[in-house]
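Structural overview for review
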Amino acid sequence: MNTVNPKKLLNSKWTAVSPVDKEKHFIVTEAKFDEYQTLYHCELEAVMSKRSFTLQWRELKDANRWLCGWQ
């Protein structure tokens, strides 16, 4: 299980354990908080293709799918 701090999520780097379409390395480009400082939107962008998608930030805790940093 990866430890993820929502406050430090912006611009963090992640590696997909099972790459799809040769997209392995990602960076968090957007993290939005509501008025209660609860993270409600997280967007990842593939480094090579620049494709971006929205992800529930808690999914990054799953070490079977994501690794912290670029590996």
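See the structure printed just above.
Notes on the structure in this doc start here. (Residues numbered from 1 in each chain as written. Predicted model: local features only at pLDDT ≥ 70, side-chain atom pairs only at ≥ 80, totals over all residues. Heavy atoms only, no water.)

Here we take up the layout of surface pockets. Where empty space is left in the structure can be found by rolling a water-sized probe over the atoms. Of the voids in this model, the largest pocket is the one considered here, and its volume is about 150 Å³. A16, V17, S18, V20, E23, F26, R51, F53, N64, R65 and W66 are the residues that line the largest pocket. Looking at the lining of the largest pocket, the elements with two or more residues in it are β1 (13–20) and β2 (23–33). A total of four residues in the lining of the largest pocket trace back to one element, the largest contributor, which is β1. For the lining of the largest pocket, the per-class residue count stands at six nonpolar, two polar and three charged. (1 Å grid on protein atoms, 1.4 Å probe; cavity = no way out; pocket = protein on both sides within 12 Å on 5 of 7 lines; lining within 4 Å. Points joined across faces, edges and corners; volume = space filled by probe spheres on them. Helix = DSSP H or I, 4+ residues; strand = E, 2+ residues; numbered from the N terminus. Nonpolar A, V, L, I, M, F, W, Y, C, P; charged D, E, K, R; others polar.)

Counting residues in hydrophobic clusters, the biggest one holds 15 residues, and the most contacted among them are L9, W14, L44, L60 and W66. Elements with a contribution of two residues or more to this core: β1, β2 and β3 (39–46). When residues in this core are grouped by element, the largest group, four residues, is from β3. In this view, W66 contacts N2, W14, T15, A16, V17, F26, L44, F53, L55, E59 and L60; residues no more than four positions away in its chain are not counted. (Core = buried A, V, L, I, M, F, W, Y, C linked by side-chain atoms within 4.5 Å. Buried < 20%, exposed > 50% of the residue type's maximum accessible area, 1.4 Å probe, protein only. Contact = heavy atoms within 4.5 Å.)

Fair warning: the whole summary comes from geometry, so function is off the table for now.
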